[in-house]
Amino acid sequence: MSHSTVQTTPFSDQKPGTSGLRKKVTVFQQPHYLANFVQSIFNSLDGFQGKTLVVGGDGRFYNQEATQIILKMAAANGFGCVLVGQNGLLSTPAASAVIRKYSAFGGIILSASHNPAGPDGDFGIKYNIGNGGPAPEKITDAIFEQTKKLDTYLITDSDDVDLSKIGSSQIGNMQIEVIDPVTDYAQLMESLFDFNAIQTLIKGGFRLSFDAMHAITGPYAKTIIEQRLGAPEGSVCNAEPLSDFGGGHPDPNLTYAHELVETLYGDNAPDFGAASDGDGDRNMVLGRRFFITPSDSLAILAANATLAPGYKEGLAGIARSMPTSAAVDRVAEKLGIDCYETPTGWKFFGNLMDADKVTLCGEESFGTGSSHIREKDGLWAVLFWLNIIAKRQLSVEEIALDHWATYGRNFYSRHDYEGVDSVSAAALMAHIKNNFASIKGEIFGNYQVSDCDDFSYTDPIDQSISTNQGIRILFSDGSRIVFRLSGTGTEGATIRIYLESYEKDPSKHTLDAQEGLAELIQIANQLSEIEKRTGRSEPTVIT
Ligand code: G1P
Ligand code: ZN
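The model shown is predicted, which means the values in this text are computed figures rather than measured ones. (Residues numbered from 1 in each chain as written. Chains lettered and ligands numbered in written order. Predicted model: local features only at pLDDT ≥ 70, side-chain atom pairs only at ≥ 80, totals over all residues. Heavy atoms only, no water.)

Engineer: Let's hear about the nonpolar core: which residues, and what values?
Structural biologist: Judged by nonpolar contacts, the single largest core of 73 residues is most densely connected at Phe-193, Phe-272, Trp-380, Phe-384 and Trp-385. If you tally residues by element for this core, the top one is helix 13 (residues 378–392), at 11 residues. With near-sequence residues (within four places) excluded, Trp-380 lies in contact with Tyr-185, Met-189, Leu-192, Phe-193, Leu-301, Tyr-311, Leu-360, Thr-368, Gly-369, Ser-370 and His-372. (Core = buried A, V, L, I, M, F, W, Y, C linked by side-chain atoms within 4.5 Å. Buried < 20%, exposed > 50% of the residue type's maximum accessible area, 1.4 Å probe, protein only. Helix = DSSP H or I, 4+ residues; strand = E, 2+ residues; numbered from the N terminus. Contact = heavy atoms within 4.5 Å.)

Below, the structure written as structure tokens:
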């Protein structure tokens, strides 16, 4: 098979963010833009000749075209085989599972997660390494260095591959296996959870609603929840993946998954509700008129983990991202296991899992997962909850109240200010940092600042250091305010304010989080001068 060496010039904006390279579709459609990045990935890797690459994406607009380019470039660069999901589809957790199951060299995942899709929406690409997890910073930095000096890329002069049919084909010497995107993942789930117990629960009349938000988890949830676990047809809604996600914003939170929220808070509500995001790695769990924060979800899964067959031997340890609430720390303490605090982004959990230091990981941003793969996993979290409910025979609300009664409640909320002017956002962060010295020790109402810093992390396994990971204002009673700028947005800047306080008294556990945090919210707004600096009187999204 002949291939071409295409002359190109570098793009200056190809620095991977929290989760790969994310840009507007129109940016990716520029001639050579995607190919440059793909070649930069390959150039930063060693030893992949003849090896296997996994390719798949969340089905958003440009997924198919991008997949064809990547296949031709993989062939021209000397990969031996590509495993690609049918129609170019693989959820992010399924891609991680496939990389691990078939001991692939690595994988390329096409996704911009929950960001809106379509011709005017976002597209994204990221590289995952052989453990199935996102490339660590060492590799993403190397990719970025390549993008700055790239002058040629390799691509075969071949026809497009038919991705609609499962089976094998070739581009030159490279084999292509089009695989069913669901099968391997579904098998893995069945090995971790008590499907019989969940089936019995559902047969007994337990009703659930899963919102796939017109994104990738539709086919996964249909197969697992409806076909294997026996939930009635229609339990999975918005199940057809659409290239523009139906014009929606598939981010499973109280704002964007409002349809599901209305169902769960409405008349004749089902017992359980859940949603996943564009690429299937996030999750939201609801009970009847009851919302579980992702931080509490992590803590509750940890406390009940041994009820699931895959975790019956217990947990090696737990990790959470820094802004995630410390609810899980209390569970880890009781279990006598280590709890690690990492920077934001799933890539920081990989080393800990590879070294068997942790089994469960979680982020406040609706991400939970375990060492079964190296990505967060939306459907996995949903099945874990169903397994726990089936075993404990309690409602979601009863499980949460019981948890808080045992451990106390960490009130928690995140306020996002999206699409803020980048210069103002940077100035706001600098303003808080400049005031560190004067804030320390100061008393604001019921709270006294005990410390403040810009979080940095030394990886305990490879000793790599990550700095500027979020500004923390720590109070003497353990409450916290954290300020961070998003690393995944594509328009302007997004300021995230994370708020947390601890309440031991069960009589106060049923308070609304915004009420429980009212004073801290006011302090955060005051310290950051958010309204004055951004012109915004309210967050865009509250979770
Ligand atoms: C956001 C979340 C973070 C998550 C990432 C990818 O990143 O906050 O926890 O890992 O998306 O899903 P951010 O935009 O805050 O950089
Ligand atoms: Zn996602």
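What follows continues from the structure just given.
Engineer: So, the side chain of His-509: which residues are in play, and what are the values?
Structural biologist: Here His-509 lies in the loop between strand 26 (493–503) and helix 17 (513–516). According to the relative accessible area criterion, His-509 is buried, its value standing at 3%. Setting aside residues no more than four positions away along its own chain, His-509 makes contact with Trp-404, Ala-405, Gly-408, Arg-409, Glu-503 and Lys-504.

Engineer: Go over the pairing of strand 17 (residues 360–363) with me, naming the residues and quoting the values.
Structural biologist: The side-chain alternation of strand 17 yields two buried faces, one formed by Leu-360 and Gly-362 and the other by Cys-361 and Glu-363. Sheet topology places strand 17 next to strand 18 (residues 367–370); 4 bridges connect them, and they run antiparallel. In the sheet register, Gly-362 faces strand 18, and the bridge partner there is Thr-368. Linking two consecutive strands that pair antiparallel, namely strand 17 and strand 18, is a turn of 3 residues; a positive phi of about 65° is found at Phe-366 within it. (Pairing = 2+ DSSP bridges.)

Engineer: Could you give an account of the sheet that holds strand 21 (residues 447–454), naming the residues involved and the relevant values?
Structural biologist: Ordered by their spatial adjacency, 7 strands build an open sheet running 20-21-24-25-26-19-27, and the pairing between neighbours is antiparallel. A single partner strand is all that each edge strand has here, and the edge strands are strand 20 (443–444) and strand 27 (541–542). In terms of strand pairing, strand 19 (residues 409–420) meets strand 27 through 2 bridges, oriented antiparallel. Pairing of Asp-416 across the sheet is with Val-541, part of strand 27. Helix 18 (residues 518–528) rests against strand 19, strand 20, strand 21, strand 24 (471–475), strand 25 (480–485) and strand 26 of the sheet, and its axis sits at about 145° to strand 26. (Axes fitted to C-alpha atoms, helices over the stretch in contact; angles between N-to-C directions.)

Engineer: Break down the coordination of the zinc ion (ligand 2) for me, with residues and values.
Structural biologist: For the zinc ion (ligand 2), the full set of protein donor atoms is Ser-113 (OG), Asp-277 (OD), Asp-279 (OD) and Asp-281 (OD), at a range of 2.0 to 2.1 Å. Angles of 86 to 162° at the metal separate the 4 donor atoms of the zinc ion (ligand 2), which places the site in the irregular class. All donors to the zinc ion (ligand 2) come from one chain, and their sequence spacing reads S-x163-D-x1-D-x1-D. Pair noted here: Ser-113 is in the loop between strand 5 (106–110) and strand 6 (122–129) and Asp-279 is in the loop between strand 12 (272–276) and strand 13 (283–287), with a separation of 166 residues, a long-range link. (Donors = N, O, S within 2.8 Å, 3.2 Å for Na, K, Ca; no water. Tetrahedral: all angles 85-135°; square planar, octahedral: opposite > 155°, others 65-115°.)

Engineer: For the pattern of salt bridges, give the residues involved together with the corresponding values.
Structural biologist: Taken as a whole, this structure holds 29 salt bridges when the rule is applied. A salt bridge links Glu-375 to Lys-126; the nearest nitrogen and oxygen atoms lie 2.7 Å apart. Here the residue Glu-375 occupies a position in the loop between strand 18 and helix 13, and Lys-126 occupies one in strand 6, the gap between them amounting to 249 residues. The buried category is assigned to Glu-375, whose relative accessible area is 1%. With relative accessibility at 9%, the residue Lys-126 sits in the buried group. Between Glu-145 and Lys-148 there is a salt bridge; the shortest N-O distance is 3.2 Å. Note that Glu-145 and Lys-148 are positioned in helix 5 (residues 137–149) at a spacing of 3 residues, about one turn of the helix. The class of Lys-148 is partly exposed, set by a relative accessible area of 43%. Each of Arg-320, Asp-329, Glu-341, Asp-453, Arg-472, Arg-480 and Glu-500 takes part in one network of salt bridges that share partners. (Salt bridge = Lys/Arg side-chain N within 4 Å of Asp/Glu carboxyl O.)

Engineer: Explain the packing of aromatic side chains to me, using residue names and the numbers behind them.
Structural biologist: In total, this model carries 22 aromatic pairs according to the counting rule given. A centroid spacing of 6.4 Å and a plane angle of 55° characterise the contact between Phe-193 and Trp-380, whose relative ring orientation is tilted. With a gap of 187 residues between them, Phe-193 in the loop between helix 6 (183–192) and helix 7 (195–203) and Trp-380 in helix 13 connect regions that are remote in the sequence. For the residue pair Phe-193 and Trp-380, the accessibility class agrees, reading buried in each case. Ring geometry for Trp-380 versus Phe-384: centroids 5.2 Å apart, planes at 85°, classification edge-to-face. (Phe/Tyr/Trp six-rings, centres within 6.5 Å; stacked < 30°, edge-to-face > 60°.)

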